[in-house]
Amino acid sequence: MIIKFKSKVGNVVTEKAEAILFPLFENSRELSGTIKQLDKASSGLIQSLLDSGDFKGERGKTSIIYTQGAISVKRIILVGLGKRDEFDLDRMRGSGGAAFEYARNLGIKKVFVPANLVEAEGVNSEEGLEAFLTGGALMIYQLDEFITNEKEKKNRIDECVVIVKNRKEAGKIKETIKRTAVISSAVYLARDLVSLPANKKTPSILANKARSIARKNKLKCRIITEAQARKMDMGVFLAVARGSREPAKVIVLEYHAGCDYGPPVVLIGKGITFDSGGISLKPAEKMERMKDDMAGGAAVMGAMQAAAQMEIPLNVIGIIPATENLPGGKAYKPGDILTSLSGQTIEVISTDAEGRLILADALTYAERFKPQCIVDLATLTGACIIALGDYIAGIMGNDDSLITKLKAAGEKTGEKVWQLPLAEKYFDYLRSDIADMKNVGERAAGTITAGLFLKKFVKDTPWVHLDIAGPAWFEKDKEYTPKGASGFGARLLIEFLRDWGI
Ligand code: BES
Ligand code: ZN
Ligand code: ZN
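As the structure is a computational prediction, the values presented were derived from the model and not from experiment.

Before going further, it helps to spend a moment on the packing of helix 10 (residues 355-367) against helix 13 (residues 446-455). Running from N to C, helix 10 and helix 13 point in directions that differ by 30°, and their axes come no closer than 9 Å. Taken together, the axes of helix 10 and helix 13 lie roughly parallel to each other. Both helix 10 and helix 13 take part in a crossing whose hand is right-handed. When helix 10 is examined against helix 13, the residues Arg356, Leu357, Leu359, Ala360 and Leu363 are found in contact with a partner set consisting of Ala450, Phe453 and Leu454. Taken together, the residues of the contact of helix 10 with helix 13 break down into seven nonpolar, no polar and one charged.

Moving on, we get to the environment of Gly94. Mapped onto the elements of the fold, Gly94 is located in helix 3 (residues 89-106). We classify Gly94 as buried; its relative accessible area is 9%. Between the C-alpha atoms of Gly94 and Tyr480, which are 386 residues apart in sequence, the distance is 5.2 Å. If we skip the residues at most four places from it in the chain, Gly94 touches Glu479 and Tyr480.

The next thing to look at is the coordination of the zinc ion (ligand 3). Looking at the metal site, the zinc ion (ligand 3) is ligated by Lys270 (NZ), Asp275 (OD), Asp293 (OD) and Glu354 (OE), spaced 1.9 to 2.4 Å from it. Viewed at the metal, the six donor atoms of the zinc ion (ligand 3) are separated by angles of 78 to 175°, and the geometry they form is octahedral. On the primary sequence, the residues serving as donors to the zinc ion (ligand 3) are separated as K-x4-D-x17-D-x60-E. In this model, the zinc ion (ligand 3) sits 3.2 Å from the zinc ion (ligand 2), the two metals being bridged by Asp275.

Before going further, it helps to spend a moment on the environment of Leu45. Here Leu45 is to be found in helix 2 (residues 45-52). For the pair formed by Leu45 and Tyr66, sequence separation is 21 residues and the distance between their alpha carbons is 8.9 Å. Apart from the residues lying within four places of it in its own chain, the contact partners of Leu45 are Asp39, Ile65, Tyr66 and Thr67.

Nonpolar side chains tend toward joint burial in soluble globular proteins. Ranked by internal contacts, the top residues of the largest apolar core, which has 64 residues, are Leu21, Ile46, Leu78, Phe100, Val113, Phe132 and Leu133. Aside from chain neighbours lying at most four places away, what touches Leu21 is Ile77, Ala99, Phe100, Ala103, Val111, Phe112, Val113, Pro114 and Phe132. Ala295, Leu314, Ala409 and Phe488 belong to the second largest nonpolar core, which has 57 residues in total.

With that settled, the discussion passes to the domain arrangement of the protein chain. Split by domain assignment, the protein chain resolves into domain 1 (4-165) and domain 2 (195-501). Placing a centre on the C-alpha atoms of domain 1 and another on those of domain 2 gives a separation of 38 Å. Between domain 1 and domain 2, the residue contacts involve 17 residues of the former and 14 residues of the latter. With both sides pooled, the region where domain 1 packs onto domain 2 buries about 1,100 Å², and carbon together with sulfur makes up 62% of that total. Here Arg59 and Glu479 are joined by a salt bridge, their closest N and O atoms 3.6 Å apart. Our count for the domain 1 to domain 2 interface comes out at four residue pairs in polar contact (both at pLDDT 80 or more). Going through the elements one at a time, helix 3 and helix 4 (125-139) are the ones with two or more residues in the side of domain 1 that touches domain 2. The greatest single-element share of the side of domain 1 that touches domain 2, amounting to seven residues, is contributed by helix 3. Of the residues that constitute the side of domain 1 that touches domain 2, the class distribution is seven nonpolar, four polar and six charged.

Next up on the list: the pairing of strand 14 (residues 373-378). Successive side chains on a regular strand alternate, one facing one side of the sheet and the next facing the other. Judged by how many residues are buried, strand 14 sits mostly within the fold: six of six residues are covered. In this sheet, strand 14 lies alongside strand 9 (residues 265-269) in parallel orientation, the contact comprising five bridges. Within strand 14, the position partnered with Gly269 by the bridge is Leu377. Looking at chain direction, strand 14 and strand 18 (residues 463-467) are connected through five bridges and run parallel. Following the sheet pairing, Leu377 is matched in strand 18 by Leu466.

Time to look at a positive patch on the surface. On the surface, a cluster of positive charge is made up of Lys209, Arg211, Arg215 and Lys216. Tracing the sequence through the fold places Lys209 in helix 6 (residues 203-216). The exposure class assigned to Lys209 is partly exposed, which follows from its relative accessible area of 34%.

Turning our eyes to something else, we now look at the sheet that holds strand 12 (residues 337-339). Taken in spatial order, the three strands of this open sheet run 12-13-17, and their pairing is mixed. Looking at the sheet topology across the chains shown, the edges are occupied by strand 12 and strand 17 (437-438). Inspection of the sheet shows strand 12 paired to strand 13 (residues 345-347) by three bridges, in the antiparallel sense. In the sheet register, Leu338 faces strand 13, and the bridge partner there is Ile346.

Coordination sphere of the zinc ion (ligand 2), protein contribution only: Asp275 (OD), Asp352 (O), Asp352 (OD) and Glu354 (OE), at 2.0 to 2.2 Å. The site at the zinc ion (ligand 2) holds six donor atoms, and with the angles between them running 71 to 168°, its shape is irregular. Considered as a linear motif, the donors of the zinc ion (ligand 2) on their single chain read D-x76-D-x1-E. Residue class for Asp352 comes out partly exposed when judged on its relative accessible area of 22%.

Moving on to unusual backbone geometry. Backbone geometry at Asn27 places phi at a positive 50°, although glycine is not the residue there. Look at Asp233: it is not a glycine, yet its phi comes out positive at around 75°. Secondary-structure assignment places Asp233 in the loop between helix 7 (226-232) and helix 8 (235-241).

Below, the discussion takes up the pattern of salt bridges. Close approach of charged atoms allows side chains of opposite charge to pair. Under the criterion given, the structure shown has 29 salt bridges. Across the pair Lys8 and Glu15 runs a salt bridge whose closest N-O atoms are separated by 2.4 Å. Residue class for Lys8 comes out partly exposed when judged on its relative accessible area of 37%. Residue class for Glu15 comes out buried when judged on its relative accessible area of 8%. Each member of the salt-bridge network shares a partner with another, and the members are Glu18, Lys74 and Arg75.

Definitions and cut-offs
- Residues numbered from 1 in each chain as written.
- Chains lettered and ligands numbered in written order.
- Predicted model: local features only at pLDDT ≥ 70, side-chain atom pairs only at ≥ 80, totals over all residues.
- Heavy atoms only, no water.
- Axes fitted to C-alpha atoms, helices over the stretch in contact; angles between N-to-C directions.
- Helix = DSSP H or I, 4+ residues; strand = E, 2+ residues; numbered from the N terminus.
- Parallel < 35°, antiparallel > 145°, perpendicular 65-115°, else oblique.
- Left-handed = near helix turned anticlockwise from the far one by under 90°.
- Contact = heavy atoms within 4.5 Å.
- Nonpolar A, V, L, I, M, F, W, Y, C, P; charged D, E, K, R; others polar.
- Buried < 20%, exposed > 50% of the residue type's maximum accessible area, 1.4 Å probe, protein only.
- Donors = N, O, S within 2.8 Å, 3.2 Å for Na, K, Ca; no water.
- Tetrahedral: all angles 85-135°; square planar, octahedral: opposite > 155°, others 65-115°.
- Core = buried A, V, L, I, M, F, W, Y, C linked by side-chain atoms within 4.5 Å.
- Domains from an automatic or database assignment.
- Buried area = accessible area lost by both parts, 1.4 Å probe.
- Salt bridge = Lys/Arg side-chain N within 4 Å of Asp/Glu carboxyl O.
- Polar contact = N/O pair within 3.5 Å; in protein donor to acceptor, adjacent residues only side chain to side chain.
- Pairing = 2+ DSSP bridges.
- Patch = residues over 30% accessible without salt bridge, like charges linked within 9 Å, V, L, I, M, F, W, Y side chains within 5 Å.
- Areas by Shrake-Rupley, 256 points an atom, 1.4 Å probe, with all protein chains shown as cover.
- Lys, Arg positive; Asp, Glu negative; His and termini not counted.
- Charge placed at Lys NZ, Arg CZ, Asp CG, Glu CD.

Rendered as structure tokens:
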């Protein structure tokens, strides 16, 4: 369950609150605004903490003041924002993350946040508030449905009340609160799906989940079964699915803003619910992580839900080819030649390069919608983790202006992307003696050759591919993301769609 956000007209000083959260810049000497009010009412408790030097406002550091009855607020939790001239929205998300985590660990159920948190260059107070609350909600995420011992579960903050001065201010931040809730829920959805183990998210379960999201929001949902995929000639998608006894599905979610909004934007997400490597079996060590191989699909589901909830003025279609990649008696094999939906043939070198295969058919299928553009997200190559680590996704494509838009969305959301060149020369690595192409090149430029492979399945639609193998999963806690499934891509796509829709 996600924290509930509310606003309330009131005064921070007189509020009967268990805890109020507040971010401060490093070395703020002069208090102003809300925090000054709190300081005055509590006869200088905050100022004396700062004077002591015990809390300097360093980035992500927290401190707590017990007001001992001086005011009706019981605790003031201060969190550092770092230096004022280094400030950006991601810092704000990080400070929200640290503050909410601190309150969560104390067992607090309800936190209060004043509406006006920062005055900083280039950031208005609504953006600042949204970033603080989003960072908070995202940091306290947990999936505890499989922990049966209640005592082992972490505390859950149920509610966050944003204190506003008057009705006018309440009106102003209403949208901010709604957007925070919609975006955080989309990330929660994506994280839940990625965190679930493969036995709790088979392609059929994912398809049902998509149906239920569609029912609850204004989305259309179509599930393409294996029999239908066979009729459609999705030969490559079906080949990957053959090693598993779980029926594969292609999930298609559609959001219709209306005919006036023109051709759709298509989002494609890789939906391998478990990647064992198939006959080209992966090593056993860390193989459990391969449940995250549908993180692209999860981000697409989250973004589709948010598009509907925000009523984005844009037609959007989400396509998630979902299957397991397992070695079975009927599994596809290295050396096999497959015929794709596009008609092009592929010589399989490794059955572990399955992501590009299922995406190939999904891309061809996507073009039938005559989209304005296609964006695909996939945990596609280990090479991308080596190149860019877990903070940054790889981006490549055939259209510079589309890439620029996604880079901008990345900067805005903190879900960063870095462009790799789709140098046609490297397609030489994929040349086959016996078919149109191989599915694997050499070790060199592994992320780029995967991108070049995908490019062969896009005719003339502006298209970008995001390789999210790194940032889909965090081995350690980050500023506002607990370790595990990050939900990477959901916020990026939502920002991209919002921007595109204007
Ligand atoms: N799902 C993997 C990519 C991956 C690896 C994601 C590690 C996250 C962590 C993908 O299907 C895969 O196995 N790719 C191979 C491609 C190779 C056979 C060309 C890889 O990266 O090793
Ligand atoms: Zn693989
Ligand atoms: Zn994979």
